[in-house]
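This is what each chain is made of:
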Amino acid sequence: MSYHPAPEYDVVGVGFGPSNLALAIALDDCARKQRVSCRSVFVERQPSFKWHGGMLLPGSNMQISFLKDLVSLRDPTSPFTFINYLHKSGRLLDFTNCRTFYPSRIEFNDYLRWVAGQFESVVEYGETVVAVEPVSAGQSVVALRVLTQTEGGEERSRIARNLVVAVGGLPHIPAVFRAVAGDPRVMHTSGYLDSPVTAGFGGCAPRVAVIGGGQSAAEVTLDLSDRIPDSNIDLIFRGHALKPSDSSPFVNEIFNPEYTDYFYSQADGQREAIVRSFRNTNYAVVDPDLLDQLYRMTYQQRVTGARRLAVHPRSEIVAAHARPEGIVLELLNRDEDVRHRATYDAIVLATGYERSPVPAFLDPIRRYIEGGTLDRDYRLQTSPAFRPQVHLQGCAETSHGLSDTLLSVLPIRAQEITTSLASTRAKQFDPEQHLVERVYL
Ligand SMILES: Cc1cc2nc3c(=O)[nH]c(=O)nc-3n(C[C@H](O)[C@H](O)[C@H](O)COP(=O)(O)OP(=O)(O)OC[C@H]3O[C@@H](n4cnc5c(N)ncnc54)[C@H](O)[C@@H]3O)c2cc1C
Ligand SMILES: NC(=O)c1ccc[n+]([C@@H]2O[C@H](COP(=O)([O-])OP(=O)(O)OC[C@H]3O[C@@H](n4cnc5c(N)ncnc54)[C@H](OP(=O)(O)O)[C@@H]3O)[C@@H](O)[C@H]2O)c1
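Residues numbered from 1 in each chain as written. Chains lettered and ligands numbered in written order. Predicted model: local features only at pLDDT ≥ 70, side-chain atom pairs only at ≥ 80, totals over all residues. Heavy atoms only, no water.

- In the nomenclature of an unreviewed UniProt entry, the protein is known as Lysine N(6)-hydroxylase/L-ornithine N(5)-oxygenase family protein of Bradyrhizobium ontarionense.
- Of the comments in the UniProt record for the protein, the one headed Sequence similarities (unreviewed entry) reads "Belongs to the lysine N(6)-hydroxylase/L-ornithine N(5)-oxygenase family."
- Listed in UniProt under the heading Cofactor (unreviewed entry), the comment for the protein reads: "FAD". (UniProt positions renumbered as here; feature names shortened; annotations may be inferred.)

**Some thoughts on the overall build of the protein**
Okay, step 1: Along the backbone of the protein there are eleven helices and 19 strands.
Okay, step 2: Expected size for 441 residues packed as a compact globule is a radius of gyration near 22 Å; at 24 Å, the protein falls within 12% of this value.
Okay, step 3: With the principal axes as the frame, the protein shows a C-alpha extent of 75 × 50 × 50 Å.
Okay, step 4: Within the protein, buried positions represent 49% of all 441 residues.
Okay, step 5: Long-range contacts, defined as pairs at least 24 residues apart, comprise 71% of the intrachain contacts of the protein with a sequence gap of at least 6.
Okay, step 6: If you sum the accessible surface of the protein, you get close to 21,500 Å²; carbon and sulfur atoms cover 51% of it.
Okay, step 7: Taking the average place of the 45 positive charges on the side chains of the protein and the average place of its 51 negative ones, the gap between the two points comes to 0 Å. (Helix = DSSP H or I, 4+ residues; strand = E, 2+ residues; numbered from the N terminus. Rg over C-alpha atoms; globule rule 2.2 N^0.38 Å. Buried < 20%, exposed > 50% of the residue type's maximum accessible area, 1.4 Å probe, protein only. Contact = heavy atoms within 4.5 Å. Areas by Shrake-Rupley, 256 points an atom, 1.4 Å probe, with all protein chains shown as cover. Lys, Arg positive; Asp, Glu negative; His and termini not counted. Charge placed at Lys NZ, Arg CZ, Asp CG, Glu CD.)

**Here's the deal with the layout of surface pockets**
It is the rolling of a water-molecule-sized probe over the atoms that shows where space remains empty.
Okay, step 1: In this structure, the second largest pocket encloses a volume near 300 Å³.
Okay, step 2: Along the walls of the second largest pocket sit 13 residues, with L242, L294, Y295, T298 and V311 positioned nearest its centre.
Okay, step 3: Going through the elements one at a time, α9 (288-304) and β11 (309-312) are the ones with two or more residues in the lining of the second largest pocket.
Okay, step 4: In terms of residue class, the lining of the second largest pocket is made up of nine nonpolar, two polar and two charged. (1 Å grid on protein atoms, 1.4 Å probe; cavity = no way out; pocket = protein on both sides within 12 Å on 5 of 7 lines; lining within 4 Å. Points joined across faces, edges and corners; volume = space filled by probe spheres on them. Nonpolar A, V, L, I, M, F, W, Y, C, P; charged D, E, K, R; others polar.)

**Quick notes on the site of ligand 1**
Okay, step 1: Lining the immediate surroundings of ligand 1 are 28 residues, of which S19, E44, W51, T405 and L407 lie closest.
Okay, step 2: Residue Q63 places a main-chain N or O atom 2.9 Å away from an oxygen atom belonging to ligand 1.
Okay, step 3: The side chain of R355 places a nitrogen or oxygen atom 3.4 Å from an oxygen atom of ligand 1.
Okay, step 4: Coverage of ligand 1 by the protein chains reaches 89% of its 990 Å² of free accessible surface.
Okay, step 5: Elements that contribute at least two residues to the shell around ligand 1 include exactly α1 (18-34), β2 (40-44) and β4 (127-137).
Okay, step 6: Tallied by class, residues from the shell around ligand 1 come to 14 nonpolar, nine polar and five charged. (Near = heavy atom within 4 Å. Polar contact = N/O pair within 3.5 Å; in protein donor to acceptor, adjacent residues only side chain to side chain.)

**Considerations on the site of ligand 2**
Okay, step 1: In the vicinity of ligand 2 there are 20 residues, among which G213, S216, E219, R238 and N282 approach most closely.
Okay, step 2: Q215 places a polar main-chain atom, nitrogen or oxygen, 3.2 Å from an oxygen atom of ligand 2.
Okay, step 3: Measuring from an oxygen atom of ligand 2, one finds a side-chain N or O atom of S216 at 2.6 Å.
Okay, step 4: Contact with the protein chains covers 79% of the free accessible surface of ligand 2, which is 920 Å².
Okay, step 5: If one sorts the elements of the shell around ligand 2 by residue count, helix α5 (residues 215-227) sits on top with three residues.

**Focus on the pairing of strand β1 (residues 8-14)**
Okay, step 1: Most of β1 sits inside the fold, with six of its seven residues counted as buried.
Okay, step 2: Strand direction decides the pairing type here: β1 and strand β6 (residues 155-165), joined by six bridges, are parallel. Each residue of the ladder has a partner; that of V11, found in β6, is N162.
Okay, step 3: Sheet topology places β1 next to β2; four bridges connect them, and they run parallel. Each residue of the ladder has a partner; that of V12, found in β2, is V41.
Okay, step 4: Handedness of the β1-α1-β2 crossover: right-handed. (Pairing = 2+ DSSP bridges. Right-handed = clockwise from strand over helix to strand, strands pointing away.)

**Quick notes on the packing of helix α2 (residues 82-89) against helix α4 (residues 105-117)**
Okay, step 1: Direction vectors running N to C along α2 and α4 enclose 90 degrees, while the axes themselves pass 10 Å from each other. Here α2 lies roughly perpendicular to α4, going by the angle between them. Where α2 abuts α4, its residues F82, N84, Y85, L86 and K88 lie against E107, F108, D110, Y111 and W114.
Okay, step 2: Tallied by class, residues from the contact of α2 with α4 come to six nonpolar, one polar and three charged. (Axes fitted to C-alpha atoms, helices over the stretch in contact; angles between N-to-C directions. Parallel < 35°, antiparallel > 145°, perpendicular 65-115°, else oblique.)

**Here we look at the packing of α1 against α4**
Two packed helices can be described by the angle between their axes and the distance between those axes.
Okay, step 1: Two elements in contact, α1 and α4, have axes whose closest approach is 11 Å; the angle formed by their N-to-C orientations is 45 degrees. Taken together, the axis directions place α1 and α4 in an arrangement best described as oblique. Seen from above, α1 lies across α4 with left-handed handedness. Contacts between α1 and α4 pair P18, L21 and I25 from the former with L112, V115 and A116 from the latter.
Okay, step 2: Grouping the amino acids of the contact of α1 with α4 by side-chain chemistry returns six nonpolar, no polar and no charged. (Left-handed = near helix turned anticlockwise from the far one by under 90°.)

**Here's the deal with the domain arrangement of the protein**
Okay, step 1: Along its sequence, the protein is organised into domain 1 (8-169 + 355-439) and domain 2 (172-245 + 282-352).
Okay, step 2: When each unit is reduced to the centre of its C-alpha atoms, the spacing between domain 1 and domain 2 is 34 Å.
Okay, step 3: Opposite the twelve residues of domain 1 that make contact, domain 2 presents 15 residues.
Okay, step 4: For the domain 1 and domain 2 pair, buried surface summed over both sides reaches about 940 Å², with 55% attributable to carbon and sulfur atoms.
Okay, step 5: Counting the surface domain 1 buries against domain 2, the share from its top three residues, G54, M55 and L57, is 49%. (Domains from an automatic or database assignment. Buried area = accessible area lost by both parts, 1.4 Å probe.)

Laid out in structure tokens, this is it:
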């Protein structure tokens, strides 16, 4: 049997969503400008590019200006701008006539896919990174072994001099739903469009509960009532009212790239206070236009008497049971100390996402990590004998601010990471390991 050594790369990117897509552009720019080669590969779990595919709802729009695309903030002359995408698609003038900064999510996904298509040669789709292990030479860790699993179950291995992780969030399933989470009648919004609920219920008027009071909950509620007009929807959340997201201009300045410097320079307690005070820019809030739409809809139903959508504020779910007749929820209104039970044909959990500061597949290198915070360039702080650089995108809201999980600073962050990688002379490999010492990038 012939032995194939694992291929070696200067940079392995884990995940190929918008963050690592922006990095692919920045690395490509850097390599062109400095006339040096950079061997990179991005490993993506999905079989092809899709940006939050389960939520590509027909009526949903971007929550950020198209000028905050993958590259414009850094280089508006780049061929990878949203405007160039419109130009190449023959829609530049027509888009202008729409008089908006906020394209549909379907169009922005198409833009991202168009860019991803131009980096096809550096992406492996349908592979999940399962572990990242140290490769040692003497006392030092000189590289990383990136282990993946393909959709077909095949295991693969690559050697990385540096790693950039951008894996997004995981669906948050509240503890009370864990016992019923495997039931096909219970789904998280991240898989909404692929779930049986969107296929309808064979003509019967289904009872559906949407749990949560954020943007996903509002969008799914409107989509369901459009898609299945005879459905009876209960929108259930813990807060007192559905609240609008604050995207007013002065507040929006917290998403400017320079705000990251300010935020990063603050003490931990102050950072926490800032995130808390601006939480309503992003979490558990709804776009004001969408709120108006929902309100008008419930009002109109009162006029006609055909109530299909009921909004249940101040409602906590204290138990969930899977029964043959449906999913039974036990609800508690704490204010009034009133409990009641309701049975549903389907439950949609619009309960948001969780992000781990250090994803589990990095466990084998955890012992080399020093300090709990990434450095300003999003790099894990590691012990001196650990030579590879590991950068994390989207895991640092507590140290870099609310923009970290969003699209707001993608081009600038990608540039900062690229500069950090490029400025390191890679004395990372031992010649006896058949890897040459050379200037990186
Ligand atoms: C429905 C929805 C709409 C949003 N709209 C906006 C918006 O309008 N504006 C805004 O600023 N933000 C928005 N956001 C926030 C969102 O986080 C960012 O838009 C963006 O997706 C972040 O990009 P990312 O690449 O960091 O993460 P993701 O887009 O989540 O991409 C991560 C990628 O990593 C892959 N992956 C995960 N684990 C592995 C693994 N182990 N191995 C290989 N691949 C892996 C995933 O398949 C995925 O493709 C939205 C979020 C949601 C859920
Ligand atoms: N069109 C778009 O651009 C679009 C569409 C969808 C989402 N997004 C983005 O995606 C991100 C996530 O939004 P999201 O709406 O999915 O999540 P989210 O804003 O985090 O909201 C999650 C909701 O779930 C509730 N929740 C969490 N745990 C709960 C529990 N144990 N019991 C009951 N309720 C619970 C929260 O209530 P509490 O507040 O009571 O905890 C909150 O109302 C945001 O950045 C958003 O802007 C964008």
